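# Observations on chain architecture
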Amino acid sequence: MHIEIWSVGKENEPFIADGLQYYFQKTKPWNTIELVLLTPPKKAATTDAERSKTLEEEMILKRLQPQHYLVLLDEKGKLHTSPQWAHQFQQCMNQGTKTMVLLIGGAYGVTENIRKRANQCWSLSGLVFPHQLVRLIVAEQVYRAFSILNNSPYHHA
């Protein structure tokens, strides 16, 4: 199963990019993973939250394929432990999912249409993190989940 981390926003700071590459490389023996940045055009920049979410929805839906298994990462989502992430990945692989998309929405969240399209909605924490840091946290959790599934000593219960 291929995993794509989709994130609305700007390019990564160098230290985030380095961290992402670190975890992508560590995950590679078990699974493919990549970051997809969804960057709204500069001319579309607005402080209107609803307008921003609508523009982001258009970008997301344009790229989203019917066979994608969409997991929305949202503060209102279900909180999972690392072993539960591993279990969710295993279930999707068992069901024949080809591509799982882990979506990090924009600064104002996502539209109701995106929420409805999501197969699941997960929360990383009760805390709020900057988007770039969330990308890194997600990459690490994907690596951790696959290390659990492959009995690697990385995760200590």
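This section reports on the structure supplied with the text. Nothing here was measured: the structure is a model prediction, and the numbers come from that model. The written sequence of each chain sets the order in which its residues are numbered from 1. In keeping with the model being predicted, local features are shown solely for residues with a pLDDT of at least 70 and side-chain atom pairs are shown and tallied solely at 80 or more, while totals for entire chains, interfaces and linings include all residues. As a rule here, side-chain values cover all heavy atoms of the structure and leave hydrogens and water aside.

### Quick notes on the packing of aromatic side chains
Between the rings of Phe, Tyr and Trp (Trp by its six-membered ring), a pair exists once the centres lie within 6.5 Å; its type follows the angle of the planes, with under 30 degrees stacked, over 60 edge-to-face, and the other angles tilted. Across all of its chains, the model carries eight aromatic pairs by this definition. Their ring planes at 40 degrees and their centres at 6.1 Å tell us that Tyr23 and Tyr143 sit as a pair that is tilted. Taken together, the positions of Tyr23 in helix 1 (residues 14–27) and Tyr143 in helix 5 (residues 131–149) put the pair 120 residues apart, joining distant regions of the chain. A relative accessible area of 5% means that Tyr143 is categorised as buried. Between Trp85 and Trp122, the aromatic rings sit 4.9 Å apart at their centres with planes inclined by 55 degrees, giving tilted as the arrangement. Placement of the pair is Trp85 in helix 3 (residues 82–94) and Trp122 in strand 5 (residues 120–123), with a sequence separation of 37 residues. Per the convention used, a helix needs a DSSP run of H or I reaching at least four residues, while a strand needs a run of E reaching at least two, with both numbered from the N terminus. Burial classes follow relative accessibility: with a 1.4 Å probe on protein chains only, a residue under 20% of its type's maximum area counts as buried, one over 50% as exposed, and anything between as partly exposed.

### Quick notes on the pattern of salt bridges
The salt bridge definition used is simple: a Lys or Arg side-chain nitrogen within 4 Å of an Asp or Glu carboxyl oxygen. One pass over the structure, following the stated rule, counts three salt bridges. Close ionic contact of Glu140 with Arg144 constitutes a salt bridge, the shortest N to O distance being 2.8 Å. In this pair, Glu140 and Arg144 both sit in helix 5, four residues apart, roughly one turn of the helix. One exposure class covers both Glu140 and Arg144, and it is buried.

### Concerning the nonpolar core
In these notes, a set of buried Ala, Val, Leu, Ile, Met, Phe, Trp, Tyr and Cys residues joined through side-chain atoms within 4.5 Å is what counts as a nonpolar core. Grouped together as the largest cluster of nonpolar side chains are 27 residues, with contacts concentrated most on Ile3, Phe89, Met100, Leu102, Val138 and Val142. Broken down by secondary-structure element, the contributors of at least two residues to this core are strand 1 (2–8), helix 1, strand 3 (69–79), helix 3, strand 4 (99–104) and helix 5. The element contributing the most residues to this core is helix 5, with eight residues. Those residues in contact with Phe89 that lie beyond four places of it in its chain are Met1, Ile3, Met100, Leu102, Trp122, Val142, Ala145, Phe146 and Leu149. In this description, contact between two residues means that some pair of their heavy atoms is separated by no more than 4.5 Å.

### So, helix 1
In this model, helix 1 (14 residues) spans 20 Å end to end at C-alpha, consistent with the 20 Å of a helix rising 1.5 Å per residue. Of the residues making up helix 1, those classed as buried are Ile16, Gly19, Leu20, Tyr23, Phe24 and Thr27. End-on, the buried residues of helix 1 take up no more than an arc of 135 degrees, which puts them together on one face. Seen from the buried face of helix 1, the exposed residues on the opposite side, beyond 90 degrees, are Pro14, Phe15 and Asp18. In this fold, the buried residues of helix 1 make contact with strand 1, strand 2 (33–38) and helix 5. For a helix, the expected span equals 1.5 Å multiplied by the residue count minus one. Think of the arc as the fan of directions from the helix axis to the C-beta atoms.

### Remarks on helix 2 (residues 49–63)
Helix length check: helix 2 (15 residues) gives 21 Å between terminal C-alpha atoms against 21 Å at 1.5 Å per residue, within 8%. Residues of helix 2 that are buried include every one of Ser52, Lys53, Leu55, Glu56, Glu57, Met59 and Ile60, and no others. In this structure, the buried residues of helix 2 make contact with strand 1, strand 2, strand 4 and helix 4 (112–117). Where helix 2 begins, the side chain of Asp48 points an oxygen toward the backbone nitrogen of Glu50, at a separation of 3.1 Å. We define a polar contact as two N or O atoms separated by no more than 3.5 Å, with the added condition that, inside protein, one atom must be a possible hydrogen donor and the other a possible acceptor, whereas residues neighbouring each other in sequence contribute only through side-chain atom pairs.

### Some thoughts on the pairing of strand 1
Extensive coverage of strand 1 is indicated by the burial of seven of its seven residues. Neither face of strand 1 is left uncovered, since the one carrying His2, Glu4, Trp6 and Val8 and the one carrying Ile3, Ile5 and Ser7 both have all their residues buried. Pairing of strand 1 with strand 4, which is carried by six bridges, proceeds in the parallel orientation. Paired with Ser7 across the bridge in strand 4 is Ile104. Note on pairing: two strands pair once DSSP finds at least 2 bridges between them.

### Observations regarding the environment of Ser7
Position of Ser7 among the secondary structure elements: in strand 1. Along the primary structure Ser7 and Leu102 are separated by 95 residues, whereas in three dimensions their C-alpha atoms are 8.4 Å apart. Not counting the four nearest positions on each side in its chain, Ser7 is found in contact with Leu35, Val36, Leu37, Leu38, Ile104 and Arg135. Within the structure, Ser7 has its side chain in polar contact with the side chain of Arg135 (distance 2.7 Å).

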